[in-house]
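Listed below, chain by chain, are the residues.
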Amino acid sequence: MTVTDHQGVELILLCGFLGSGKTSLVVDFLAQNDLNDTAVIINEAGEIGIDGVLVQEETTEVPFTLLSNGCVCCSLRSSLVYTVEQLLEAPRPSGSPPLRRIVLETSGVSKPSPILASLADPALVVRRLRVLVVSTFDAQVGELNSERFDEAVAQLSAAQRIVFTKLDCVDETLLPRRINYVSSINPLAQIVADTDRRILVEKAFQCYEMEQNQDEWQQQLTMRDLSTTAAHPRIHVLKGIATRALYWEDVAQWLDDLAGFCGDRLLRTKLLVHVSDCAEPILIQSVGTTYSMPRRLTKFLTEADVIVVMTMDLDAISIMNELADGIICLSNALMPTNAPQPLFNVVSH
Ligand SMILES: Nc1nc2c(ncn2[C@@H]2O[C@H](COP(=O)(O)OP(=O)(O)OP(=O)(O)O)[C@@H](O)[C@H]2O)c(=O)[nH]1
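Fair warning: this is a prediction, and the values are worked out from it, not measured in the lab.

What is the right way to look at the overall build of the chain in this model?
Check the secondary structure of the chain and you find 12 helices and 14 strands. Within the chain, the fraction of its 349 residues that count as buried is 52%. Counted over contacts in the chain with a minimum sequence separation of 6, partners at least 24 positions apart contribute 78%. Just so you have it, the chain exposes about 15,600 Å², and 49% of that area is on carbon and sulfur atoms.

Given below as C-alpha coordinates:
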(Lines give C-alpha, C1' and ligand atoms only; values in the text may rest on other atoms or scores of the structure.)
Protein backbone atom coordinates (compact mmCIF):
# COMPACT_ATOMS: atom_id res chain seq x y z
CA MET A 1 0.00 0.00 0.00
CA THR A 2 1.26 3.46 -0.81
CA VAL A 3 -0.01 6.76 0.51
CA THR A 4 -1.57 9.16 -2.00
CA ASP A 5 -3.36 12.48 -1.95
CA HIS A 6 -6.98 12.58 -3.02
CA GLN A 7 -9.28 14.58 -5.24
CA GLY A 8 -11.93 13.77 -7.76
CA VAL A 9 -15.46 12.49 -8.01
CA GLU A 10 -17.34 11.17 -4.98
CA LEU A 11 -19.39 8.01 -5.40
CA ILE A 12 -22.16 7.75 -2.84
CA LEU A 13 -22.85 4.06 -2.38
CA LEU A 14 -26.42 4.08 -1.11
CA CYS A 15 -27.34 0.86 0.61
CA GLY A 16 -30.06 -0.12 3.02
CA PHE A 17 -32.36 -3.07 3.42
CA LEU A 18 -35.30 -3.86 1.13
CA GLY A 19 -37.96 -1.19 1.34
CA SER A 20 -36.00 1.01 3.73
CA GLY A 21 -36.50 4.10 1.59
CA LYS A 22 -33.45 4.37 -0.71
CA THR A 23 -35.34 5.23 -3.89
CA SER A 24 -37.56 7.71 -2.07
CA LEU A 25 -34.44 9.43 -0.78
CA VAL A 26 -32.91 9.65 -4.28
CA VAL A 27 -36.18 10.89 -5.77
CA ASP A 28 -36.52 13.61 -3.12
CA PHE A 29 -32.90 14.63 -3.60
CA LEU A 30 -33.37 15.03 -7.34
CA ALA A 31 -36.65 16.89 -6.79
CA GLN A 32 -35.31 19.46 -4.39
CA ASN A 33 -32.10 20.27 -6.24
CA ASP A 34 -31.08 21.52 -9.64
CA LEU A 35 -28.28 19.02 -10.04
CA ASN A 36 -25.92 19.42 -12.93
CA ASP A 37 -22.88 17.86 -11.28
CA THR A 38 -24.43 14.49 -10.37
CA ALA A 39 -25.11 11.16 -12.07
CA VAL A 40 -27.28 8.32 -10.80
CA ILE A 41 -26.89 4.55 -11.15
CA ILE A 42 -29.68 2.29 -9.91
CA ASN A 43 -29.16 -1.41 -9.34
CA GLU A 44 -32.19 -3.62 -9.04
CA ALA A 45 -32.04 -7.34 -8.39
CA GLY A 46 -35.13 -8.01 -10.49
CA GLU A 47 -35.73 -7.63 -14.19
CA ILE A 48 -38.38 -4.93 -13.91
CA GLY A 49 -36.81 -1.64 -12.90
CA ILE A 50 -39.44 0.17 -10.85
CA ASP A 51 -36.91 2.20 -8.89
CA GLY A 52 -35.33 3.35 -12.15
CA VAL A 53 -38.67 4.50 -13.51
CA LEU A 54 -39.37 6.47 -10.32
CA VAL A 55 -36.00 8.21 -10.47
CA GLN A 56 -36.31 9.00 -14.18
CA GLU A 57 -39.73 10.51 -13.54
CA GLU A 58 -38.00 13.10 -11.45
CA THR A 59 -35.30 14.26 -13.83
CA THR A 60 -34.19 14.13 -17.40
CA GLU A 61 -31.14 16.29 -16.73
CA VAL A 62 -29.11 13.90 -14.61
CA PRO A 63 -27.18 11.12 -16.40
CA PHE A 64 -28.92 7.92 -15.38
CA THR A 65 -28.00 4.25 -15.75
CA LEU A 66 -29.98 1.20 -14.74
CA LEU A 67 -28.20 -2.04 -13.86
CA SER A 68 -31.01 -4.56 -13.48
CA ASN A 69 -31.54 -8.31 -13.25
CA GLY A 70 -28.68 -8.99 -10.85
CA CYS A 71 -26.83 -7.51 -7.92
CA VAL A 72 -23.79 -5.27 -8.24
CA CYS A 73 -22.33 -7.15 -5.28
CA CYS A 74 -22.20 -10.43 -7.23
CA SER A 75 -23.26 -10.86 -10.87
CA LEU A 76 -22.94 -7.28 -12.16
CA ARG A 77 -19.55 -6.28 -10.81
CA SER A 78 -17.81 -5.75 -14.15
CA SER A 79 -20.84 -3.88 -15.53
CA LEU A 80 -20.62 -1.55 -12.56
CA VAL A 81 -16.95 -0.76 -13.12
CA TYR A 82 -17.59 -0.20 -16.82
CA THR A 83 -20.57 2.08 -16.11
CA VAL A 84 -18.66 4.20 -13.61
CA GLU A 85 -15.71 4.43 -15.99
CA GLN A 86 -18.03 5.62 -18.78
CA LEU A 87 -19.52 8.29 -16.53
CA LEU A 88 -16.10 9.55 -15.52
CA GLU A 89 -14.92 9.65 -19.12
CA ALA A 90 -18.04 11.14 -20.71
CA PRO A 91 -17.63 14.71 -22.03
CA ARG A 92 -19.63 17.20 -19.97
CA PRO A 93 -22.46 19.11 -21.67
CA SER A 94 -21.42 22.66 -22.51
CA GLY A 95 -21.94 25.00 -19.58
CA SER A 96 -22.08 22.15 -17.03
CA PRO A 97 -19.63 21.99 -14.16
CA PRO A 98 -17.37 18.94 -13.81
CA LEU A 99 -18.99 15.75 -12.53
CA ARG A 100 -18.73 15.86 -8.76
CA ARG A 101 -20.93 13.07 -7.49
CA ILE A 102 -22.28 9.70 -8.60
CA VAL A 103 -25.12 8.21 -6.57
CA LEU A 104 -25.24 4.41 -6.79
CA GLU A 105 -28.42 2.97 -5.30
CA THR A 106 -27.79 -0.70 -4.62
CA SER A 107 -30.41 -3.40 -4.41
CA GLY A 108 -31.78 -3.95 -0.91
CA VAL A 109 -30.06 -7.33 -0.60
CA SER A 110 -26.59 -6.20 -1.69
CA LYS A 111 -23.68 -6.41 0.70
CA PRO A 112 -21.41 -3.34 0.41
CA SER A 113 -18.11 -5.13 0.83
CA PRO A 114 -17.93 -6.86 -2.60
CA ILE A 115 -19.11 -3.65 -4.27
CA LEU A 116 -16.30 -1.74 -2.63
CA ALA A 117 -13.88 -4.40 -3.78
CA SER A 118 -15.11 -3.86 -7.35
CA LEU A 119 -14.80 -0.10 -7.03
CA ALA A 120 -11.18 -0.56 -5.98
CA ASP A 121 -10.52 -1.51 -9.63
CA PRO A 122 -7.28 0.16 -10.81
CA ALA A 123 -9.15 1.76 -13.71
CA LEU A 124 -11.23 3.72 -11.18
CA VAL A 125 -8.49 4.28 -8.64
CA VAL A 126 -6.37 6.17 -11.19
CA ARG A 127 -9.37 8.39 -11.86
CA ARG A 128 -9.42 9.30 -8.17
CA LEU A 129 -12.89 8.05 -7.34
CA ARG A 130 -13.73 8.48 -3.65
CA VAL A 131 -16.41 6.27 -2.16
CA LEU A 132 -18.76 7.22 0.66
CA VAL A 133 -21.05 4.49 2.01
CA VAL A 134 -24.47 5.75 3.08
CA SER A 135 -27.07 3.38 4.48
CA THR A 136 -30.74 3.93 5.12
CA PHE A 137 -32.25 2.66 8.35
CA ASP A 138 -35.97 2.12 8.47
CA ALA A 139 -36.91 3.69 11.80
CA GLN A 140 -40.39 2.21 11.63
CA VAL A 141 -39.18 -1.39 11.25
CA GLY A 142 -36.36 -0.70 13.71
CA GLU A 143 -34.25 -3.63 14.81
CA LEU A 144 -36.18 -6.35 13.01
CA ASN A 145 -34.29 -6.43 9.71
CA SER A 146 -30.83 -6.49 11.25
CA GLU A 147 -31.88 -9.14 13.76
CA ARG A 148 -32.97 -11.40 10.93
CA PHE A 149 -30.76 -10.62 7.94
CA ASP A 150 -26.96 -10.54 7.73
CA GLU A 151 -27.25 -8.21 4.74
CA ALA A 152 -28.93 -5.56 6.88
CA VAL A 153 -26.14 -5.73 9.47
CA ALA A 154 -23.48 -5.60 6.73
CA GLN A 155 -25.09 -2.49 5.24
CA LEU A 156 -25.29 -0.64 8.55
CA SER A 157 -21.85 -1.61 9.75
CA ALA A 158 -20.20 -0.55 6.48
CA ALA A 159 -21.76 2.90 6.44
CA GLN A 160 -19.96 6.15 7.09
CA ARG A 161 -23.38 7.79 7.27
CA ILE A 162 -26.69 6.24 8.37
CA VAL A 163 -29.87 8.02 7.34
CA PHE A 164 -33.04 7.30 9.29
CA THR A 165 -36.16 6.99 7.15
CA LYS A 166 -39.88 6.85 7.88
CA LEU A 167 -39.42 9.14 10.83
CA ASP A 168 -42.90 10.47 10.12
CA CYS A 169 -44.25 7.04 11.12
CA VAL A 170 -42.36 6.78 14.41
CA ASP A 171 -43.22 8.20 17.80
CA GLU A 172 -40.34 10.56 18.54
CA THR A 173 -39.91 9.10 22.04
CA LEU A 174 -38.68 5.93 20.31
CA LEU A 175 -35.91 7.75 18.47
CA PRO A 176 -33.21 7.63 21.20
CA ARG A 177 -33.69 3.85 21.43
CA ARG A 178 -33.32 3.49 17.67
CA ILE A 179 -30.18 5.64 17.65
CA ASN A 180 -28.78 3.59 20.49
CA TYR A 181 -29.39 0.40 18.57
CA VAL A 182 -27.77 1.69 15.38
CA SER A 183 -24.79 2.91 17.44
CA SER A 184 -24.34 -0.59 18.82
CA ILE A 185 -23.89 -1.86 15.27
CA ASN A 186 -21.83 1.07 14.04
CA PRO A 187 -20.66 3.63 16.58
CA LEU A 188 -18.53 5.41 13.98
CA ALA A 189 -21.19 6.39 11.50
CA GLN A 190 -22.61 9.87 11.26
CA ILE A 191 -26.30 9.52 12.08
CA VAL A 192 -28.75 11.66 10.14
CA ALA A 193 -32.17 11.63 11.80
CA ASP A 194 -33.63 15.06 11.10
CA THR A 195 -37.40 15.11 11.19
CA ASP A 196 -37.38 17.90 8.61
CA ARG A 197 -37.28 15.77 5.46
CA ARG A 198 -35.67 18.47 3.34
CA ILE A 199 -32.73 18.83 5.70
CA LEU A 200 -32.44 15.04 6.06
CA VAL A 201 -32.27 14.58 2.29
CA GLU A 202 -29.62 17.29 1.88
CA LYS A 203 -27.45 15.80 4.61
CA ALA A 204 -27.86 12.30 3.19
CA PHE A 205 -26.13 13.21 -0.07
CA GLN A 206 -23.64 15.78 1.15
CA CYS A 207 -20.15 15.13 -0.23
CA TYR A 208 -17.51 14.68 2.42
CA GLU A 209 -15.13 17.32 1.08
CA MET A 210 -12.76 16.19 3.68
CA GLU A 211 -10.15 18.87 3.16
CA GLN A 212 -12.69 21.54 4.13
CA ASN A 213 -14.32 19.61 6.94
CA GLN A 214 -11.54 18.42 9.14
CA ASP A 215 -13.47 19.14 12.32
CA GLU A 216 -16.36 17.01 11.20
CA TRP A 217 -13.98 14.20 10.34
CA GLN A 218 -12.27 14.42 13.65
CA GLN A 219 -15.64 14.21 15.36
CA GLN A 220 -16.60 11.17 13.35
CA LEU A 221 -13.35 9.40 13.93
CA THR A 222 -13.76 9.78 17.65
CA MET A 223 -16.25 7.21 18.81
CA ARG A 224 -19.42 8.41 20.40
CA ASP A 225 -19.75 7.89 24.13
CA LEU A 226 -20.95 4.31 24.25
CA SER A 227 -21.54 4.09 27.96
CA THR A 228 -25.31 4.05 27.55
CA THR A 229 -25.32 1.99 24.35
CA ALA A 230 -26.68 -1.53 24.57
CA ALA A 231 -24.32 -3.88 22.76
CA HIS A 232 -25.33 -5.93 19.75
CA PRO A 233 -25.06 -9.62 20.63
CA ARG A 234 -22.82 -10.52 17.67
CA ILE A 235 -20.97 -7.34 16.80
CA HIS A 236 -17.75 -6.48 18.58
CA VAL A 237 -16.55 -2.91 18.56
CA LEU A 238 -12.83 -2.90 19.39
CA LYS A 239 -10.56 0.03 20.01
CA GLY A 240 -6.83 -0.14 19.50
CA ILE A 241 -3.78 1.49 20.87
CA ALA A 242 -0.23 1.40 19.48
CA THR A 243 2.19 -0.49 21.69
CA ARG A 244 5.23 1.27 20.22
CA ALA A 245 6.18 3.90 17.65
CA LEU A 246 4.59 2.96 14.33
CA TYR A 247 6.18 2.70 10.90
CA TRP A 248 3.87 2.72 7.93
CA GLU A 249 5.10 -0.65 6.60
CA ASP A 250 4.34 -2.24 9.98
CA VAL A 251 0.84 -0.78 10.03
CA ALA A 252 0.20 -2.04 6.49
CA GLN A 253 1.42 -5.50 7.49
CA TRP A 254 -0.76 -5.52 10.62
CA LEU A 255 -3.81 -4.59 8.56
CA ASP A 256 -3.09 -7.39 6.09
CA ASP A 257 -2.71 -9.86 8.95
CA LEU A 258 -5.93 -8.62 10.54
CA ALA A 259 -7.86 -9.05 7.29
CA GLY A 260 -6.29 -12.46 6.68
CA PHE A 261 -7.23 -13.72 10.12
CA CYS A 262 -10.72 -12.24 10.37
CA GLY A 263 -11.87 -12.82 6.76
CA ASP A 264 -15.65 -12.40 6.50
CA ARG A 265 -15.88 -11.61 10.19
CA LEU A 266 -14.14 -8.26 9.67
CA LEU A 267 -16.89 -5.66 9.21
CA ARG A 268 -15.08 -2.35 9.41
CA THR A 269 -11.68 -0.86 10.22
CA LYS A 270 -10.86 2.80 10.73
CA LEU A 271 -7.39 4.03 11.59
CA LEU A 272 -6.00 7.51 11.92
CA VAL A 273 -2.40 6.98 12.89
CA HIS A 274 0.79 8.97 13.25
CA VAL A 275 3.74 7.08 11.78
CA SER A 276 7.42 7.80 12.21
CA ASP A 277 8.15 7.78 8.48
CA CYS A 278 5.53 10.36 7.45
CA ALA A 279 5.10 13.91 8.73
CA GLU A 280 1.31 13.87 8.42
CA PRO A 281 -1.13 11.48 10.10
CA ILE A 282 -2.50 8.78 7.83
CA LEU A 283 -6.12 7.74 7.48
CA ILE A 284 -6.97 4.26 6.27
CA GLN A 285 -10.29 2.47 6.39
CA SER A 286 -11.78 -0.82 5.32
CA VAL A 287 -15.25 -2.10 4.74
CA GLY A 288 -15.00 -5.83 5.17
CA THR A 289 -11.48 -6.77 4.15
CA THR A 290 -11.26 -4.16 1.39
CA TYR A 291 -9.01 -1.29 2.40
CA SER A 292 -9.32 2.15 0.89
CA MET A 293 -6.27 3.97 -0.38
CA PRO A 294 -4.38 5.40 2.62
CA ARG A 295 -4.51 9.19 2.80
CA ARG A 296 -2.23 11.79 4.29
CA LEU A 297 -4.25 14.32 6.28
CA THR A 298 -2.61 17.67 5.79
CA LYS A 299 -4.84 19.71 8.08
CA PHE A 300 -5.40 17.28 10.91
CA LEU A 301 -4.00 18.73 14.08
CA THR A 302 -4.73 16.10 16.71
CA GLU A 303 -1.85 14.12 18.20
CA ALA A 304 -3.99 11.16 19.22
CA ASP A 305 -4.32 8.01 17.14
CA VAL A 306 -7.77 6.59 16.50
CA ILE A 307 -7.96 2.85 15.86
CA VAL A 308 -11.31 1.10 15.62
CA VAL A 309 -12.05 -2.42 14.41
CA MET A 310 -15.54 -3.90 14.12
CA THR A 311 -16.04 -7.63 13.83
CA MET A 312 -18.87 -10.13 13.75
CA ASP A 313 -18.58 -13.09 16.16
CA LEU A 314 -14.90 -12.43 16.86
CA ASP A 315 -13.61 -10.90 20.06
CA ALA A 316 -10.49 -8.93 20.94
CA ILE A 317 -8.90 -11.87 22.76
CA SER A 318 -9.02 -14.13 19.69
CA ILE A 319 -7.47 -11.46 17.49
CA MET A 320 -4.80 -10.59 20.06
CA ASN A 321 -3.91 -14.27 20.41
CA GLU A 322 -3.48 -14.56 16.66
CA LEU A 323 -1.59 -11.28 16.15
CA ALA A 324 0.37 -11.79 19.36
CA ASP A 325 3.43 -9.72 18.40
CA GLY A 326 1.26 -7.05 16.86
CA ILE A 327 2.05 -3.38 17.06
CA ILE A 328 -1.52 -2.61 18.05
CA CYS A 329 -3.33 -3.80 21.15
CA LEU A 330 -7.09 -4.23 20.80
CA SER A 331 -9.67 -4.17 23.55
CA ASN A 332 -13.45 -4.07 23.62
CA ALA A 333 -15.01 -0.63 23.37
CA LEU A 334 -18.44 -2.16 23.53
CA MET A 335 -18.99 -5.66 24.86
CA PRO A 336 -21.51 -7.89 23.15
CA THR A 337 -24.10 -8.94 25.70
CA ASN A 338 -22.88 -11.81 27.91
CA ALA A 339 -19.37 -11.80 26.42
CA PRO A 340 -16.42 -12.21 28.86
CA GLN A 341 -14.12 -9.28 29.68
CA PRO A 342 -10.68 -9.39 27.99
CA LEU A 343 -7.90 -10.77 30.14
CA PHE A 344 -4.99 -8.72 28.80
CA ASN A 345 -4.05 -5.19 29.77
CA VAL A 346 -4.20 -2.30 27.36
CA VAL A 347 -0.75 -0.75 26.99
CA SER A 348 -0.87 3.02 26.99
CA HIS A 349 1.62 5.27 25.25
N1 LIG B 1 -44.12 7.28 5.41
C2 LIG B 1 -42.98 7.12 4.78
N3 LIG B 1 -42.88 6.20 3.81
C4 LIG B 1 -41.69 6.04 3.18
C5 LIG B 1 -40.54 6.80 3.53
N6 LIG B 1 -39.51 6.41 2.75
C7 LIG B 1 -40.01 5.44 1.96
N8 LIG B 1 -41.31 5.21 2.21
C9 LIG B 1 -42.18 4.22 1.57
O10 LIG B 1 -41.64 2.93 1.78
C11 LIG B 1 -41.80 2.13 0.62
C12 LIG B 1 -40.42 1.65 0.15
O13 LIG B 1 -39.65 2.80 -0.20
P14 LIG B 1 -38.52 2.75 -1.31
O15 LIG B 1 -37.96 4.12 -1.41
O16 LIG B 1 -39.01 2.12 -2.57
O17 LIG B 1 -37.49 1.77 -0.60
P18 LIG B 1 -36.18 1.08 -1.24
O19 LIG B 1 -35.20 0.98 -0.15
O20 LIG B 1 -35.76 1.80 -2.48
O21 LIG B 1 -36.77 -0.35 -1.60
P22 LIG B 1 -36.02 -1.54 -2.45
O23 LIG B 1 -35.71 -0.94 -3.79
O24 LIG B 1 -37.06 -2.61 -2.52
O25 LIG B 1 -34.87 -1.99 -1.69
C26 LIG B 1 -42.49 2.98 -0.40
O27 LIG B 1 -43.86 2.70 -0.34
C28 LIG B 1 -42.25 4.40 0.06
O29 LIG B 1 -43.27 5.30 -0.31
C30 LIG B 1 -40.67 7.77 4.58
O31 LIG B 1 -39.72 8.46 4.98
N32 LIG B 1 -41.91 7.87 5.16
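So that's the structure; there's more coming.
Any chance you could explain unusual backbone geometry here in plain terms?
Only a minority of non-glycine residues have a phi that is not negative, and only a minority of peptide bonds are not trans. Backbone geometry places Lys 166, a non-glycine residue, at a positive phi of 60 degrees. Secondary-structure assignment places Lys 166 in the loop between strand S6 (161-165) and helix H8 (175-185). When its relative accessible area of 27% is taken as the criterion, Lys 166 is described as partly exposed.

What exactly am I supposed to notice about the pattern of salt bridges here?
Charged atoms that come close allow side chains of opposite charge to pair. Counted under the stated rule, the structure contains 10 salt bridges. One salt bridge connects Glu 89 with Arg 127, and the closest N-O pair in it is separated by 2.8 Å. Of the two residues, Glu 89 sits in helix H3 (residues 77-89) while Arg 127 sits in the loop between helix H5 (122-125) and strand S5 (130-138), which places them 38 residues apart along the sequence. Owing to a relative accessible area of 28%, Arg 127 belongs among the partly exposed residues under this scheme. Bridged by salt links that share partners, the residues Asp 37, Arg 100 and Arg 101 form one connected network.

When you look at helix H7 (residues 150-158) in this model, what are you seeing that I'm missing?
Think of an α-helix as 3.6 residues a turn; residues three or four steps apart then line up on the same face. The element H7 is largely enclosed, with a buried count of 7 among its 9 residues. Among all positions of H7, only Ala 152, Val 153, Ala 154, Gln 155, Leu 156, Ser 157 and Ala 158 are buried.

Help me understand the domain arrangement of the chain, please; the structure alone is not making it clear to me.
Often, the extent of an interface is quoted as the loss of accessible area on bringing the components together. Considered domain by domain, the chain is made up of domain 1 (10-208) and domain 2 (235-334). The partner domain 2 presents 16 residues to the 19 residues of domain 1 that form the contact. In this assembly, domain 1 packs against domain 2 so that about 1,200 Å² is buried in total across both faces, 71% of it on carbon and sulfur atoms. Remark: the boundary between domain 1 and domain 2 carries 0 salt bridges. Run the count over domain 1 and domain 2 and you get 0 residue pairs in polar contact (both at pLDDT 80 or more). Grouping the amino acids of the side of domain 1 that touches domain 2 by side-chain chemistry returns 11 nonpolar, 6 polar and 2 charged.

Calculation criteria
Residues numbered from 1 in each chain as written. Predicted model: local features only at pLDDT ≥ 70, side-chain atom pairs only at ≥ 80, totals over all residues. Heavy atoms only, no water. Helix = DSSP H or I, 4+ residues; strand = E, 2+ residues; numbered from the N terminus. Buried < 20%, exposed > 50% of the residue type's maximum accessible area, 1.4 Å probe, protein only. Contact = heavy atoms within 4.5 Å. Areas by Shrake-Rupley, 256 points an atom, 1.4 Å probe, with all protein chains shown as cover. Salt bridge = Lys/Arg side-chain N within 4 Å of Asp/Glu carboxyl O. Domains from an automatic or database assignment. Buried area = accessible area lost by both parts, 1.4 Å probe. Polar contact = N/O pair within 3.5 Å; in protein donor to acceptor, adjacent residues only side chain to side chain. Nonpolar A, V, L, I, M, F, W, Y, C, P; charged D, E, K, R; others polar.

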